[in-house]
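Listed here are the chains, written in short residue letters.
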Number of protein chains: 2
Amino acid sequence: MAPSISDIIREAAALSVSPAPTKAARPHPLDNLSVEEINRACSIAKAKRPDERLWIKVCSLREPVKKELAPFLEAERRGETAPRPTREADVLFFVLSSRGLYEVVIDLDAGEETLCTKVDGHHAPLDREEINQARAALFKDPVYIKTVEDLKLPPGTTIVPQGWPFGSDHPDPAIRRVFFILYHRNPANDHPDSNHYAFPLPVVMFWDLWESKVTDVHWCYTGNEQDGMTLGTGPKEYPTQGCQGNDYEPSLNGVTVRTDLKPLHVTQPEGVSFKVTGQLIEWQKWRFRIGFNYREGPTLHDVCYDGRPVFYRLSLSEMHVPYADPRPPLHLKQVFDFGDIDEGGSFARGVAHPQYFDGAEVNPSGEGRVVKNVICCHEQDNGILWKHTNTPTGRAAVTRQRLLVLQTIITVGNYDYIFAWHFDQAGAIHLESRATGILSTGPINVGKKSPYGTVVSPGVLGTSHQHFINLRIDPCVDGHNNTITQDDVVPDPPSAENGHGIGFRVKSTPITVSGFADANPLANRSFKIVSATGLVPHPSQMRLAAPDAHITSRAPFTQHHIWVTSYRDGELFCAGQYTNQSRGTAGGIADWVARKDNVENTDLVLWHTFALTHIPRVEDFPVMPVEIHTISLKPNNFFTANPALDVPLSSQAFNQSSTVDGDSAATPCCAGNGL
Amino acid sequence: MAPSISDIIREAAALSVSPAPTKAARPHPLDNLSVEEINRACSIAKAKRPDERLWIKVCSLREPVKKELAPFLEAERRGETAPRPTREADVLFFVLSSRGLYEVVIDLDAGEETLCTKVDGHHAPLDREEINQARAALFKDPVYIKTVEDLKLPPGTTIVPQGWPFGSDHPDPAIRRVFFILYHRNPANDHPDSNHYAFPLPVVMFWDLWESKVTDVHWCYTGNEQDGMTLGTGPKEYPTQGCQGNDYEPSLNGVTVRTDLKPLHVTQPEGVSFKVTGQLIEWQKWRFRIGFNYREGPTLHDVCYDGRPVFYRLSLSEMHVPYADPRPPLHLKQVFDFGDIDEGGSFARGVAHPQYFDGAEVNPSGEGRVVKNVICCHEQDNGILWKHTNTPTGRAAVTRQRLLVLQTIITVGNYDYIFAWHFDQAGAIHLESRATGILSTGPINVGKKSPYGTVVSPGVLGTSHQHFINLRIDPCVDGHNNTITQDDVVPDPPSAENGHGIGFRVKSTPITVSGFADANPLANRSFKIVSATGLVPHPSQMRLAAPDAHITSRAPFTQHHIWVTSYRDGELFCAGQYTNQSRGTAGGIADWVARKDNVENTDLVLWHTFALTHIPRVEDFPVMPVEIHTISLKPNNFFTANPALDVPLSSQAFNQSSTVDGDSAATPCCAGNGL
């Protein structure tokens with residue numbers, strides 16, 4: 001039998017508690033936990049349980065409650081000092097002897113555990129080591145071995161199992177499990193970087209994480225719609241025989257690389273325009289702190305413009321990806337990419353002068369380690385910012401737009417997501433998301449088609465799916481008491497004033513009680529925070545699953561674009577704290593709006609769910625060109641004029657551009673129309 | 001009295017016909033008319049009417065009919081020769097003695113006029129000289145002089161009249177006119193580049209263009225909603241006394257310019273990657289011809305990817321901007337920015353190595369002249385193109401995205417529009433539009449508010465409005481017989497197959513008869529051209545004017561996002577050939593769809609109307625930060641794999657980027673989640 005999960009926990013080197021940092025080195029309350037703090041927090045939790053072995057799942061900064069942090073930040077902005085909030089860590093772990101799951105709070109200042117809660121009715125998120133160990137154990141599982149033998153693949157075929165969080169509708173919620181979808185390497189090269197998604201095997205194995213064994217083997221439906229629920233319509237032996245290599249890696253796919261692309265260099269000869277002090281970033285009147293945690297990735301705090309606060313905290317709250325194919329077992333593909341697992345790192349090439357931020361993570365033994373380059377900070381040019389040609393004189397005034405970009409890339413199995421916060425010079429913040437990577441594929445008999453996806457390679461179904469992303473906006477527009485209005489543009493009815501039938505106006509409706517709302521681009525709907533910051537929700541298709549489907553209850557946040565809740569500390573994750581194998585019972589946004597709290601002129605949170613319904617194209621395989629979405633938070637009568645009025649006019653001396661023919665200056669010319 | 005319009009037509013230097021070009025120099029059938037060809041075409045038209053004086057409004061390439069041009073282009077692509085279509089010019093002019101408007105066709109090969117049509121029931125577009133002359137005459141008009149005297153502005157105040165096309169609902173359609181809105185310069189500097197839109201005077205003058213005189217003076221409503229239709233609520237003497245200077249020009253506004261922005265240089269040390277041969281552009285497997293005319297600006301022709309045709313012609317068909325304030329006379333602000341007037345030039349700074357294309361225009365005397373730099377062609381970096389990290393090995397493969405950009409800037413009175421066609425390396429074409437420039441403002445009494453706009457400066461109402469832009473797509477996806485489908489994503493009903501309620505699929509409906517359709521982002525609606533090229537319509541709010549409003553009948557294209565018509569030569573302008581003072585009688589898209597032609601598997605045209613409903617922000621004044629919209633035309637199962645698979649992987653050696661700390665290589669790092 002495979003080793004049980006407890007066998008592979010390494011003993012911590014020592015159970016002695018690490019020392020507290022010296023006063024001089026005290027971190028900012030929003031600084032990420034350092035490796036030393038992670039080690040110290042875990043050692044405190046372990047020291048309290050000297051007879052137990054723990055599997056540490058999470059060790060992360062417990063952000064101070066707002067009533068302590070907000071005054072600290074306000075004093076800091078004024079150059080004053082205020083009481084420093086207690087430095088705390090959240091630690092989540094299994095006690096292996098009992099398989100119990102515990103959340104504890106560690107006071108890092110006092111060096112003690114101050115709260116311990118046993119978590120019942122929920123499953124811990126998966127972690128990398130857990131999956132790696134399960135995969136290693138799978139290869140030795142007799143059920144797995146027999147099943148693979150029966151597939152009669154050519155000798156030497158290398159199987160690549162992909163573990164997925166279990167989109168559970170299992171009657172026994174207590175079983176902690178994943179399921180493995182099996183692929184194999186391209187037999188033509190057997191290279192570890194070959195695209196195994198071009199060789200999907202029609203078999204899925206359920207894996208019990210605690211017992212470390214295969215519990216069920218399921219064959220997949222591989223026919224077309226006419227074959228309906230008929231299993232076994234495809235070949236049982238060497239079912240991927242009709243598949244073909246379809247590699248994205250240039251060294252493997254034999255594709256001749258383009259040679260006609262000339263280099264394009266971006267340089268900043270005088271250096272960058274931003275200033276980084278620890279986790280504080282200052283650029284072009286913006287000032288904010290950046291954080292990073294295992295779940296949300298980058299977080300933005302205390303975002304101010306020209307000394308005026310705008311946002312208390314900005315973050316990505318959750319990402320949920322359900323697939324369209326309802327035929328078991330692949331109906332289980334419904335992952336919470338943030339809650340079930342964790343975010344990852346970042347890198348960039350081709351930008352001028354990036355500055356990288358590191359993160360830190362914990363391993364199951366409670367040891368911290370630096371994760372390099374999780375956030376990339378750099379500047380970009382973004383074309384024209386504002387421009388006007390004054391026709392009477394022909395004088396053209398034009399400025400170019402510079403962006404400050406904070407980019408993180410996460411790889412979630414097959415997919416890669418690039419999230420970037422863009423700060424601009426006109427007071428707006430944009431969240432750009434780019435979806436790339438590889439489609440999650442399933443098997444389909446050669447020659448068949450399925451309504452649930454696109455055949456992207458022989459025998460390969462790129463399954464349709466939705467990506468739901470929730471943006472959490474904790475505003476602080478000149479203060480913590482905010483109100484959200486829903487603003488539609490409506491035609492005026494006929495009247496004496498509107499005799500020509502052309503009048504229209506804004507109909508602004510405040511949201512007074514916690515609840516939800518929907519995008520309506522055809523009404524030009526936007527949402528305003530105290531009439532000063534505007535959000536036009538991305539008008540994407542919401543969940544396609546039935547209202548009474550199991551999956552719908554797991555992710556109520558996918559039903560509406562906009563949610564408004566009253567602020568409470570710790571309410572960060574719209575699908576609940578625990579999403580892995582959730583069964584619709586996790587506390588989340590549906591519960592919070594059900595409080596029917598007042599949200600007018602008070603501390604509130606605005607949540608925006610946007611989605612990409614992805615019907616794969618053949619062009620999305622074997623690797624997908626980026627699909628780009630952008631959400632903007634723009635000032636709206638917050639300033640008294642265009643805040644970018646003081647951006648210097650664009651000049652050739654500054655930009656150093658030249659024409660193809662080598663002329664140093666591009667002559668401004670605006671023929672205009674002379675009106 | 002002011003001089004009549006015929007007084008200021010200069011005599012053409014000679015009426016002799018210019019010679020035809022030599023055979024060696026024969027232009028491509030899609031080349032713009034040269035200055036010589038313009039001179040020749042006009043001289044032919046004038047020579048035919050030796051006793052008349054003409055006011056030439058338009059002299060532009062008459063593109064060959066498709067049945068002649070398409071075989072020519074196809075042969076050209078195959079490296080063969082085919083019969084060359086006749087080289088023709090469209091010339092539009094007034095005969096001044098009769099004020100008659102004529103369209104003639106000039107055969108430039110034969111040197112003769114082949115068609116002459118008298119245009120009745122329509123008004124010619126305005127031109128720059130016409131407006132300039134009208135403005136000059138206005139200053140001498142006794143009604144104008146008396147009205148301005150009565151305003152009792154401080155001595156030395158410089159009035160800036162802005163002429164507008166007349167959004168006519170006048171009972172006499174025969175009167176050719178404009179209306180002038182009056183502003184004045186900032187009295188504090190009296191500078192010709194001061195922002196006169198911060199000083200709107202509450203008076204509008206109607207101007208008869210033929211009689212060259214003021215016919216009516218209208219006072220504007222300047223109260224709030226409670227004041228309703230009560231005229232004269234504001235001060236009659238020095239009505240702009242409460243206004244304040246609000247200049248965008250840095251040398252005038254006293255704003256301290258930011259000094260903390262460091263230069264960012266873009267260079268291409270080995271030159272650009274694109275190749276230009278006349279008006280033919282080749283870049284990264286794309287090959288197309290670019291044209292430029294007075295009305296549409298840039299046009300794209302014979303757009304091919306890797307030798308396969310995709311589009312026969314892409315263009316902007318019309319832009320229409322109606323304003324929200326229904327109170328006369330400002331209800332007349334409803335301009336057709338392309339049809340009423342004409343497009344203009346372009347320039348760019350801060351891009352690496354632009355190449356400029358020139359255009360040519362004609363003056364009223366029939367003389368051609370080069371307009372420099374109307375299109376700017378350059379490359380841009382656009383971040384990551386595709387990327388995947390293979391978790392088992394940690395290998396990250398990443399490419400950066402290069403764009404080819406063709407940018408044109410037009411200034412239409414107060415507004416400036418930046419239109420850019422972006423070609424990418426993954427087979428997609430994007431139209432980016434940026435709206436900037438200055439709000440069209442109206443007067444409002446200090447202290448009042450209006451539902452029809454935003455007070456953006458004291459006494460200044462930035463009036464709400466809509467911008468409607470129509471994109472004309474003449475597809476040729478591997479051939480001229482195309483079909484459009486409307487693709488929605490719909491949930492599966494409950495069934496044995498959909499036992500978990502999660503199934504969804506694409507419902508694809510072909511459009512068989514010419515007609516219209518609407519965007520529906522909440523159904524993930526897209527439109528496909530022969531299932532091979534996808535367009536997701538921009539889901540913008542359509543016309544807010546009442547269905548029976550005069551303005552609605554002038555611009556039916558603003559009622560729906562998508563229109564499909566059968567192809568007919570010459571049907572280029574969705575609001576009709578003649579929009580100036582149109583009264584809903586112009587032939588346009590509503591007439592063409594009413595033919596109820598078959599549009600299945602035939603030569604068809606797809607038209608997309610998108611809009612920006614602009615409720616001004618204070619931040620949009622005195623000059624507006626760009627508001628960006630992008631429309632994409634993407635391959636959809638046109639290729640057999642990601643067409644950008646052959647883009648070379650991003651490397652530090654190629655990009656030459658370095659970190660802030662000076663490290664030469666940005667280490668790829670993807671912590672990932674290990675699944």
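Not measured: the values here are computed from a predicted model. Throughout, a residue's number is its position along its own chain's written sequence, starting from 1. A letter from A marks each chain and a number from 1 marks each ligand, given out in the order of writing. In view of the model being predicted, local features appear only for residues whose pLDDT reaches at least 70, and side-chain atom pairs are presented and counted only at 80 or more, with totals across whole chains, interfaces and linings using the full set of residues. The basis for the side-chain values is all heavy atoms of the structure; hydrogens and waters are excluded.

Draft legend 1. Quick peek at the relation of the copies chain B and chain A. The least-squares superposition of copies is restricted to C-alpha atoms, and to residues with a pLDDT of at least 70 in both copies. Of the transformation superimposing chain B on chain A, the axial component is 0.0 Å and the angular component is 180°, with the fit at an RMSD of 0.0 Å. As the rotation angle and translation indicate, the two copies are arranged about a two-fold axis. Of the C-alpha atoms belonging to chain B, the one lying closest to the rotation axis is found on Val266(B), 2.3 Å away. Whether two residues are in contact is decided by their heavy atoms: any pair within 4.5 Å suffices. Looking at the interface residues of chain B, 100% of them are also at the interface in chain A, so both copies use one shared face.

Draft legend 2. Structural view of the sheet that holds strand S6 (residues 177-184) of chain B. Residues and elements named next belong to chain B. We treat two strands as partners when DSSP finds at least two bridges between them. Where helices and strands are cited, they refer to DSSP runs of H or I of at least four residues and of E of at least two residues respectively, numbered from the N terminus. Strand order across the open sheet formed by four strands is S5-S6-S7-S8, with antiparallel pairing between neighbours. Of all the strands in the sheet, just strand S5 (159-165) and strand S8 (213-219) have a single pairing partner and so form its edges. Strand after strand, the sheet turns through a mean of 30° between neighbouring axes, direction not considered. In this analysis, axes come from line fits to C-alpha atoms, helices being fitted only over the stretch in contact, and the angle between any two N-to-C directions falls in the range 0 to 180 degrees.

Draft legend 3. Inspection of unusual backbone geometry at higher detail. All names here are of chain A. Here the bond from Pro328 into Pro329 is cis, since omega is 0°, no more than 30 degrees from zero. The residue Pro329 is located in the loop between strand S14 (308-322) and strand S15 (334-336) in this model. One non-glycine residue with positive phi stands out, namely Asn524, at about 55°. The phi dihedral of Ser531 is positive, around 55°, even though this residue is not glycine. One can find Ser531 in the loop between strand S28 (526-529) and strand S29 (533-535).

Draft legend 4. Structural view of the UniProt feature "modified residue: 2',4',5'-topaquinone" (unreviewed entry) in chain A. Residue and element names in this part refer to chain A. Under the feature "modified residue: 2',4',5'-topaquinone" (unreviewed entry), the UniProt entry names Tyr415. On the secondary structure map, Tyr415 appears in strand S19 (residues 415-423). Residue class for Tyr415 comes out buried when judged on its relative accessible area of 2%. Other than its neighbours up to four places away in sequence, Tyr415 contacts Tyr323, Ile410, Thr436, Gly437, Ile438, Leu439, His465, His467, His614 and Met624. Polar side-chain contacts of Tyr415 include one of 2.9 Å to the side chain of His465. UniProt positions are given in the numbering used here, feature names are shortened, and annotations may be inferred rather than shown by experiment. The buried label applies to any residue whose accessible area, calculated with a 1.4 Å probe on protein chains only, is under 20% of its type's maximum; exposed applies above 50%, and partly exposed to all values in between. What qualifies as a polar contact is a pair of N or O atoms within 3.5 Å, subject to a donor-acceptor requirement within protein and to the restriction that residues adjacent in sequence count only when both atoms come from side chains.

Draft legend 5. View of the pattern of salt bridges. When a carboxyl oxygen of Asp or Glu is within 4 Å of a side-chain nitrogen of Lys or Arg, the pair counts as a salt bridge. Enumeration over the complete set of coordinates arrives at 89 salt bridges over all chains. Note that Glu37(B) and Arg87(B) form a salt bridge whose closest N and O atoms lie 2.8 Å from each other. One end of the pair, Glu37(B), is in helix H1 (residues 35-47); the other, Arg87(B), is in the loop between helix H2 (66-77) and strand S2 (88-95), and 50 residues separate them in sequence. Judged by its relative accessible area of 7%, Arg87(B) falls in the buried class. Across the pair Arg402(B) and Glu379(B) runs a salt bridge, and its minimum N-O distance is 3.0 Å. Taken together, the residues Arg402(B) in strand S18 (residues 395-412) and Glu379(B) in strand S17 (residues 368-390) connect sequence positions 23 residues apart. A relative accessible area of 4% means that Arg402(B) is categorised as buried. Salt bridges here are not isolated pairs; linked through shared partners, they connect Lys57(A), Asp127(A), Glu130(A) and Arg176(A).

Draft legend 6. Structural detail: the packing of aromatic side chains. Classification of ring pairs uses Phe, Tyr and Trp, with its six-membered ring standing for Trp, and accepts pairs whose centres are within 6.5 Å; under 30 degrees between planes counts as stacked, over 60 as edge-to-face, and the remaining range as tilted. For the structure shown, the criterion picks out 40 aromatic pairs over all chains. An angle of 85° between the planes, with centres 6.4 Å apart, marks the rings of Trp386(A) and Tyr248(B) as edge-to-face. Separated into two different chains, Trp386(A) in strand S17 (residues 368-390) and Tyr248(B) in the loop between S8 and helix H5 (250-253) make up a pair that spans both. Neither Trp386(A) nor Tyr248(B) differs from the other in exposure class; each is buried. A network of ring pairs unites the aromatic residues Trp286(A), Phe288(A), Tyr305(A), Phe423(A), Phe638(A) and Phe639(A) as a single cluster. A ring has a charge above it when a Lys NZ or an Arg CZ is no more than 6 Å from the ring centre and no more than 35 degrees off the ring normal. In this structure, Arg308(A) is placed above the aromatic ring of Phe638(A), and the distance from its NZ or CZ to the ring centre is 3.6 Å. Above the face of the Phe639(B) ring, Arg308(B) is positioned so that its terminal group lies 5.9 Å from the ring centre.

Draft legend 7. Looking closely at helix H3 (residues 128-138) of chain B. Residues and elements named next belong to chain B. All of the buried residues along H3 are Glu130, Ile131, Gln133, Ala134, Arg135, Ala137 and Leu138. Where the residues of H3 are buried, they touch strand S1 (54-62), helix H4 (142-151), S5, S6, strand S7 (200-208) and S8. Of the residues that open H3, the one with a side-chain oxygen 3.1 Å from the backbone nitrogen of Glu129 is Asp127.

Draft legend 8. Structural detail: the interface of chain B and chain A. In this complex, chain B contributes 185 residues to the contact, which on the side of chain A involves 185 residues. Defined here as a combined quantity, buried area equals the accessible surface (1.4 Å probe) lost by two parts on assembly, summed across both. Between chain B and chain A, the buried area comes to about 16000 Å², and carbon and sulfur atoms account for 57% of it. There are ten salt bridges connecting chain B and chain A. Connecting chain B to chain A are 80 residue pairs in polar contact (both at pLDDT 80 or more). If you tally residues by element for the side of chain B that touches chain A, the top one is S17(B), at 15 residues.

Draft legend 9. Examining H2(B) more closely. Residues and elements named next belong to chain B. Under the 1.5 Å per step criterion, the end-to-end length of H2 is 16 Å for twelve residues, consistent within 8% with the ideal 16 Å. Buried within H2 are the following residues: Lys66, Leu69, Ala70, Phe72, Leu73 and Ala75. Looking at the packing, one finds that the buried side of H2 touches strand S13 (297-305), strand S14 (308-322) and strand S24 (465-475). By this rule the span expected of a helix is its residue count minus one, scaled by 1.5 Å.

Draft legend 10. Structural detail: the sheet that holds strand S1 (residues 54-62) of chain A. Residues and elements named next belong to chain A. Spatially, the four strands line up as an open sheet ordered S1-S2-S3-S4, and their pairing is antiparallel. Every interior strand has two partners, whereas the edge strands, S1 and strand S4 (112-119), have only one. Each neighbouring strand pair of the sheet contributes to a mean axis angle of 20°, computed without reference to strand direction. The pairing of strand S3 (residues 100-107) with S4 spans seven bridges and is antiparallel. Counterpart to Val104 in the pairing with S4 is Cys116. Contacting S1, strand S2 (88-95), S3 and S4, helix H1 (residues 35-47) runs over the sheet at an angle of about 130° to S1.

Draft legend 11. Layout of the environment of Arg568(B). Residues and elements named next belong to chain B. On the secondary structure map, Arg568 appears in the loop between strand S30 (562-566) and helix H7 (589-593). Residues Arg568 and Val65 lie 503 residues apart in sequence; the distance between their C-alpha atoms is 9.0 Å. With sequence-adjacent residues up to four places away left out, Arg568 is seen in contact with Arg595 and Asp597.

Draft legend 12. Highlighting the pairing of S28(A). Residue and element names in this part refer to chain A. Side chains Ser526 and Lys528 project from S28 onto one buried face, and the interleaved Phe527 and Ile529 project onto a second face that is buried too. In the sheet, strand S25 (residues 484-491) pairs with S28 via four bridges, with the strands oriented antiparallel. Opposite Gln486, over in S28, you have Phe527 as the bridge partner. Examined bridge by bridge, S28 and S29 share three bridges and lie antiparallel to one another. When the bridges of S29 are listed, Ile529 appears paired with Thr533. Here S28 folds back onto S29, and the loop between the two strands holds three residues, one of which, Val530, carries a positive phi near 40°.

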